[in-house]
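Structural overview
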Amino acid sequence: MFNKTNLLVVGIFLSIVLTFSESAKSDFYLPTFVSQTGVTTAVRPNPDSTSEVRALCEPSGIPQFNYSHVDVVVVMLSPVCVTQQTVKLLRFNFNFRNLIYVVKYKEFCPYLLSLDDSVRCLDENDVLPGVSYKTLSAPGMSDNIKKLQGDNNRIGWYFQQYLKVGVALTIPDLSDHYLIWDADNIPIKPFEMFTEDGDAKFCANPSSSKSRSYGRFYKHITGRELLHPERKGKVYNFVCGYMMFYRPYVKEFLSFVDDYVQRNRPRDTLAKRGFPWSIHSVAEELFPSGTMFSEYDSYGSWVMDMHPQEFAMDYHISYVRNPTTRKSGANGPEFKEGMHCCLTHKRICALGKELSDSPHGKLGPTVGDHHHILIWEEHKFRYRRKDYCADPLPPKLAEAIHEVGTGMVFQNQKGRGSAPSDGT
Ligand SMILES: *[C@@H]1O[C@H](CO)[C@@H](O)[C@H](O)[C@H]1NC(C)=O
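Attention here is on the structure that accompanies the text.

Procedures and definitions
- Residues numbered from 1 in each chain as written.
- Predicted model: local features only at pLDDT ≥ 70, side-chain atom pairs only at ≥ 80, totals over all residues.
- Heavy atoms only, no water.
- Pairing = 2+ DSSP bridges.
- Helix = DSSP H or I, 4+ residues; strand = E, 2+ residues; numbered from the N terminus.
- Axes fitted to C-alpha atoms, helices over the stretch in contact; angles between N-to-C directions.
- Contact = heavy atoms within 4.5 Å.
- Parallel < 35°, antiparallel > 145°, perpendicular 65-115°, else oblique.
- Nonpolar A, V, L, I, M, F, W, Y, C, P; charged D, E, K, R; others polar.
- Phe/Tyr/Trp six-rings, centres within 6.5 Å; stacked < 30°, edge-to-face > 60°.
- Buried < 20%, exposed > 50% of the residue type's maximum accessible area, 1.4 Å probe, protein only.
- Lys NZ or Arg CZ within 6 Å of the ring centre and 35° of its normal.

Here we look at the sheet that holds strand β1 (residues 71-76)
The five strands are arranged β3-β2-β1-β4-β10 in an open sheet whose pairing can be described as mixed. Here the strands that pair on one side only, and so sit at the sheet edges, are β3 (119-123) and β10 (242-246). Neighbour-to-neighbour, the strand axes of the sheet open up by a mean angle of 25 degrees, direction not taken into account. The pairing of strand β2 (residues 99-103) with β3 spans five bridges and is classified as parallel. Looking at the pairing, V103 lines up with D123 of β3. Each of β4 (177-181) and β10 touches helix α9 (residues 247-264); the most contacted strand, β10, lies at about 85 degrees to it.

Here you go:
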């Protein structure tokens, strides 16, 4: 039946199909990626992985939410082992539309894209025109920051913040509401992110001294006071490691900042370039005084000031941070050697019941019997001083990291790499 000609035809057809799907994938590396259909297509969670998650963490079946009108943006250096669990849980608990990963090297994209159909992937240098780690570090751009940042990579830290708000300007088909989700957060169980009117709910974090510096910065770029929510005499801030942004308000905020900074700093040529240089110029100037920008606190304050009726606070989100990573209680060394860093669903559920310590006080889980979020700083376990993890990364991911060159990327102390993964 199959003579040579037939085989040839089949072969050509197959190679066309393959070439086609390859190029479709690589489109996601471009700054102007558009979902293939151009419209919202909610991708169903894979039933196998999702029922497994539900059965393990919430046997009582707290309802999952359907946020299929919302994209998630995660800005990270590179994936780690728990990224696969985070992807599954974000999809299952909230049914978000696209999970858009913005990574330091596009070599990490194939691994991320293999985790779920909803994943999109971008190289961090392709998101904001003319803005990259390189241009931010160029001579004259960040001299104070470079001189004084010590072991922290504050240029990378600022770059991540610019990306989180900048996506509102440059990703054409990004949803109106988009969730910024810090890579270290694992959503243990579903929780509400919108009010009944469809407005965003912001998480409240008991305030710390850090936010005073954020207030000074905010005043420099807006001329306004940084506002903080208060409840029962306690002051909170908006820095929670995730936030539901609304594109029109982000754009409004960024254009107000551009106008304000340019008007008040007429000789500042860098600020004339607009976002994010208007903010970065102020960041560079104020860095020696320890005054810094916070995307979460600034945006939260902006909405509280300008759109007081269009948001709600949630004072009940509870976290647990790196439980059971210390060798001997709170005063032991920070991380244990031989830790198991690749968490299974079962382990995530178990850790989700631990008593939390910093930074939210000694807290048990609030609703049900799990915290909402497990902060698991696998980057720090693997790359901070040495590799504390006994378990290897998934082979495909390990290959991609090898391709990029491990030492070069992650060694915090040795210059050229790595931003803190705290996200704040
Ligand atoms: C989620 O909501 C969308 C839009 O309302 C709807 O089309 C879709 O069927 C819902 N998905 C699920 C899993 O309920």
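Considering the packing of α9 against helix α10 (residues 277-286)
As a packed pair, α9 and α10 sit with axes 9 Å apart at the nearest point and diverge in direction by 55 degrees. By the angle between their directions, the pair α9 and α10 is classed as oblique. Every residue of α10 that contacts α9 at L254, V257, D258 and V261 is listed here: S278, I279 and V282. Its residues assigned to classes, the contact of α9 with α10 comprises five nonpolar, one polar and one charged.

A word on the sheet that holds strand β13 (residues 373-375)
The strand order across the open sheet formed by three strands is β5-β13-β12, and the pairing between neighbours is mixed. Both edges of this open sheet fall to β5 (185-187) and β12 (319-321), since each of them pairs with a single strand only. Strand-to-strand twist in this sheet, taken as the mean axis angle between neighbours without regard to direction, amounts to 20 degrees. With three bridges connecting them, β5 and β13 associate as antiparallel partners. Bridge pairing links N185 to I375 in β13.

Digging into the packing of aromatic side chains
Scanning all chains against the criterion turns up 27 aromatic pairs. Between F65 and Y67 the ring centres are 5.7 Å apart and the planes differ by 10 degrees, which places this aromatic pair in the stacked class. Since its relative accessible area comes to 6%, Y67 is described here as buried. Look at F94 and F191: their rings are 5.3 Å apart centre to centre, the planes differ by 80 degrees, and that puts the pair in the edge-to-face class. Of this pair, F94 sits in helix α3 (residues 83-94) while F191 is found in the loop between β5 and β6 (200-203), placing the two residues 97 residues apart along the sequence. The same class applies to F94 as to F191, namely buried. An aromatic cluster is defined as three or more aromatic residues linked by ring pairs; in this entry it consists of F65, Y67, F94, F96, W181, F191, F194 and Y242. Between the NZ or CZ atom of K104 and the centre of the ring of Y133, over which it lies, the distance is 4.1 Å. In this structure, R273 is placed above the aromatic ring of W277, and the distance from its NZ or CZ to the ring centre is 5.3 Å.

A closer look at the packing of helix α7 (residues 154-170) against α9
Remark: α7 packs on α9, axes separated minimally by 9 Å, with the N-to-C direction vectors making an angle of 105 degrees. Between α7 and α9, the interaxial angle falls into the category roughly perpendicular. Taking contact as the criterion, the partners of V165, V167, A168 and L169 in α7 are, on α9, R247, V250, K251 and L254. Broken down by class, the residue content of the contact of α7 with α9 amounts to six nonpolar, no polar and two charged.

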